Amino acid sequence: MIAILKHGTTPDQAQHLIQWLKKMDLDVHLSEGKEVTILGLIGDTSRVDMELLNSLEIVESVKRVSEPFKQVNRKFHPKDSVIEINDQVKIGGGHFAMIAGPCSVETEDQIIEVAQAVKAAGAQVLRGGAFKPRTSPYAFQGLGAEGLRLLMAAKQATGLPICTELMNLVHLDLFADVDIIQIGARNMQNFDLLKEVGKTRKPILLKRGIASTLQELLMSAEYIMSEGNENVILCERGIRTYETYTRNTLDLSCVPVLHGLTHLPVVVDPSHATGKAYLVPPMAAAAAASGADGIMVEVHNNPSCALCDGAQSLTPEQFADLNRRVEIIREAMR
Ligand code: PEP
Ligand code: MN
């Protein structure tokens, strides 16, 4: 971290600041020029309050020269992380996973039918929401604990591992048999929730918040890893921009950017990113071409009757076609 001091700062004032910084266990390198004085802060600057430092009367500006995230940082962990789901499925480091299923679990027949269909079409993980974060309190909120029970029935019937969203800490005990805990976009910065799932050793699919920067996404992943859970999968699901034609704007450039910054795998969700079924296959293909480590897609056996997100849900046939195209793209990219 670098702090530039204002023109006219006296040597006494600079020394006073240096002593204050040294109390934070930092080495401080002073370079005095004719016009400006620069302090180079060396050591663990992750605890330095940049805004506070910036607000001091003698400080002109402060710049970070290293990232505030450590455990997720590729610099300290050059090899790709491979996240293992139940010794069955691997994500990352060249292992690609297709995660598919309905937005929400509705009935036993529905979830089992979709699970069998997506498995037949090549999915490795079944998704389905039991606890749903809905914008309206009057919309279908999910079946809750009963939904988890139905997901387990689908897991038994197909052998597919389950990915489902945890919204509230009080439900964590109910997730003992869930294979991937999803932290949704709305909870990406629910730091208490992140810390608690960080205490488990379960794979966590962390979705990017609708207005979150990549640094904020990585800091949220850092929360989980700093509690000891290294099994974090990042998920790009579209961000809010001024464009209203699509539900969100899929930020595909984040895939290579994240791959440069972190060793964690990156999955793309073209369903929530676009909100329209016909846009999902081309964006899934683009995600595969961008180097994503997996794709998460909403699939429903009868999209027009879905209780949630029908407009963006694919039929099992459409999903099978998408999967075929993604395979071709991945083969071509090898
Ligand atoms: C979902 O995956 O069903 C979901 C609600 O996603 P997001 O948190 O990305 O909106
Ligand atoms: Mn959905």
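Sequence order as written defines the numbering, with residues in each chain counted from 1. Written order determines the labels here, with chains lettered from A and ligands numbered from 1. With the structure being a predicted model, the display of local features is reserved for residues of pLDDT at least 70 and the display and counting of side-chain atom pairs for 80 or more, all residues being used for whole-chain, interface and lining totals. Processing note: side-chain calculations cover all non-hydrogen atoms of the structure and skip hydrogens and water entirely.

## Let's talk about the side chain of Ser 313
- Counting through the fold element by element, Ser 313 comes out in the loop between strand S14 (294–298) and helix H10 (316–333).
- Ser 313 sits in the buried class, given a relative accessible area of 3%.
- Identification of polar contacts relies on pairs of N or O atoms within 3.5 Å, with a donor-acceptor requirement for protein atoms, meaning one able to donate a hydrogen and the other able to accept it, and with residues adjacent in sequence counted only if both atoms are side-chain atoms. Among the polar contacts listed, one links the side chain of Ser 313 to the backbone oxygen of Asp 309, at a separation of 2.7 Å.
- Excluding anything up to four places from it in sequence, Ser 313 contacts Ala 277, Glu 298, His 300, Pro 303 and Gln 318. Secondary structure follows DSSP: runs of H or I at least 4 residues long count as helices, runs of E at least 2 residues long count as strands, and numbering of each begins at the N terminus. Residue burial is assigned from relative accessible area. The probe radius is 1.4 Å, only protein chains are included, and a residue is buried under 20% of its type maximum, exposed over 50%, and partly exposed in between. Throughout, a contact is declared for two residues whenever any of their heavy atoms are within 4.5 Å.

## Focus: the domain arrangement of the protein chain
- Residue ranges labeled as domains rest on an automatic or database domain assignment. Once the domains are mapped, the protein chain shows domain 1 (2–63) and domain 2 (83–333).
- Using C-alpha coordinates to define each centre, domain 1 is positioned 44 Å away from domain 2.

## With respect to the pairing of strand S11 (residues 204–207)
- Residues of S11 alternate between two faces, with Ile 204 and Leu 206 on one and Leu 205 and Lys 207 on the opposite face, all of them buried.
- Here the term right-handed applies to a crossover when the path leading from its first strand over the helix to its second strand runs clockwise, the strands being oriented away from the viewer. Crossover handedness for the path strand S10 (residues 180–183) to helix H5 (residues 191–199) to S11: right-handed.
- Here, strands pair whenever DSSP counts at least two bridges between them. Here four bridges tie S11 to strand S12 (residues 232–236), and the two strands are oriented parallel to one another. Among the inter-strand pairings, Leu 205 is bridged to a residue of S12, identified as Ile 233.

## Concerning the environment of Gln 88
- Position of Gln 88 among the secondary structure elements: in the loop between strand S5 (83–85) and strand S6 (89–91).
- Not counting the four nearest positions on each side in its chain, Gln 88 is found in contact with Gly 159 and Pro 161.
- Separated by 2.7 Å, the side chain of Gln 88 and the backbone oxygen of Gly 159 make a polar contact.

## Details of the site of ligand 1
- One heavy atom within 4 Å of a molecule or strand makes the whole residue count as near it. Surveying the vicinity of ligand 1 reveals the residues Arg 127, Lys 132, Pro 133, Glu 165, Gln 182, Gly 184, Ala 185, Arg 186, Lys 207, Arg 237, His 272 and Glu 298.
- Arg 127 is positioned with one of its side-chain polar atoms (N or O) 2.7 Å from an oxygen atom of ligand 1.
- Note that an oxygen atom of ligand 1 is positioned 3.4 Å from one of the side-chain N or O atoms of His 272.
- For ligand 1, the accessible surface in isolation is 300 Å², of which the surrounding protein chains cover 97%.
- A class-by-class count of the residues in the shell around ligand 1 yields two nonpolar, three polar and seven charged. Areas reported here follow the Shrake-Rupley algorithm with a probe of radius 1.4 Å; residue values treat only the protein chains shown as occluding. Charged residues are taken to be Asp, Glu, Lys and Arg, nonpolar residues to be Ala, Val, Leu, Ile, Met, Phe, Trp, Tyr, Cys and Pro, and polar residues to be all remaining types, Gly included.

## Details of the sheet that holds strand S3 (residues 37–42)
- Across the sheet, which stays open at both edges, the four strands sit in the order S2-S3-S1-S4 with antiparallel pairing between neighbours. The two strands at the open ends of the sheet, each matched to only one other strand, are strand S2 (27–32) and strand S4 (59–63). Neighbour-to-neighbour, the strand axes of the sheet open up by a mean angle of 20 degrees, direction not taken into account.
- Pairing of S2 with S3, which is carried by six bridges, proceeds in the antiparallel orientation. Its bridge partner being in S3, Ser 31 is matched across the sheet by Ile 38. To define axes, lines are fitted to C-alpha atoms, for helices over the stretch in contact only, and angles between the resulting N-to-C directions are given on a 0 to 180 degree scale.

## Looking at the packing of aromatic side chains
- Aromatic rings from Phe, Tyr and Trp, taking only the six-membered ring of Trp, are treated as a pair when their centres fall within 6.5 Å; an angle between ring planes under 30 degrees marks them as stacked, one over 60 as edge-to-face, and anything in between as tilted. Summed over the entire model, instances satisfying the criterion amount to two aromatic pairs.
- Placement of a charge over a ring requires the Lys NZ or Arg CZ to be within 6 Å of the ring centre, with the centre-to-atom vector within 35 degrees of the ring normal. Sitting above the plane of the Tyr 245 ring, Lys 276 keeps its charged end 3.2 Å from the centroid.

## Some remarks on the sheet that holds S10
- Around the barrel, eight strands lie side by side as S7-S8-S9-S10-S11-S12-S13-S14; this closed barrel has parallel pairing. The mean angle between the axes of side-by-side strands here comes to 25 degrees, regardless of whether they run parallel or antiparallel.
- Pairing of S12 with strand S13 (residues 266–268) involves three bridges; the strand directions are parallel. Across the sheet, residue Leu 234 finds its bridge partner in S13, namely Val 266.

## Comments concerning the side chain of Thr 37
- Relative to the helices and strands, Thr 37 resides in strand S3.
- In this view, Thr 37 contacts Ala 3, Ile 4, Leu 5, Leu 30, Ser 31 and Glu 32; residues no more than four positions away in its chain are not counted.

## Details of the coordination of the manganese ion (ligand 2)
- A donor here means any N, O or S atom no more than 2.8 Å from the metal (3.2 Å for Na, K and Ca); water is not included, so a site may seem to lack partners. Protein-derived coordination of the manganese ion (ligand 2) comes from Cys 103 (SG), His 272 (NE2), Glu 298 (OE) and Asp 309 (OD), at a distance range of 2.0 to 2.4 Å.
- Mapped onto the sequence, the residues coordinating the manganese ion (ligand 2) show the spacing C-x168-H-x25-E-x10-D. In this pair, Glu 298 is assigned in strand S14 and Asp 309 in the loop between S14 and H10, connecting sequence segments 11 residues apart. Of the two residues examined, Glu 298 and Asp 309, each falls in the buried class.

## A few points about the nonpolar core
- What we call a nonpolar core is a set of buried Ala, Val, Leu, Ile, Met, Phe, Trp, Tyr and Cys residues that are connected through their side-chain atoms within 4.5 Å. Core analysis: the largest hydrophobic core is formed by 65 residues, its most contacted members being Leu 206 and Phe 319.
- In terms of residue count, helix H6 (residues 214–226) provides more of this core than any other element does, six residues in total.
- Contacts of Phe 319, omitting those with residues within four sequence positions, involve Met 98, Ala 100, Val 118, Ala 121, Ala 123, Val 297, Val 299 and Leu 314.

## Some remarks on unusual backbone geometry
- Here the phi dihedral of Asn 86 falls at roughly 55 degrees; this positive angle occurs in a residue that is not glycine.
- Locating Asn 86 in the fold gives a position in the loop between S5 and S6.
- Residue classification places Asn 86 among the partly exposed positions, given a relative accessible area of 42%.
- The backbone of Asp 309 sits at a positive phi, close to 60 degrees, despite the residue not being glycine.
- In this structure Asp 309 comes out as buried when scored by relative accessible area, which is 17%.

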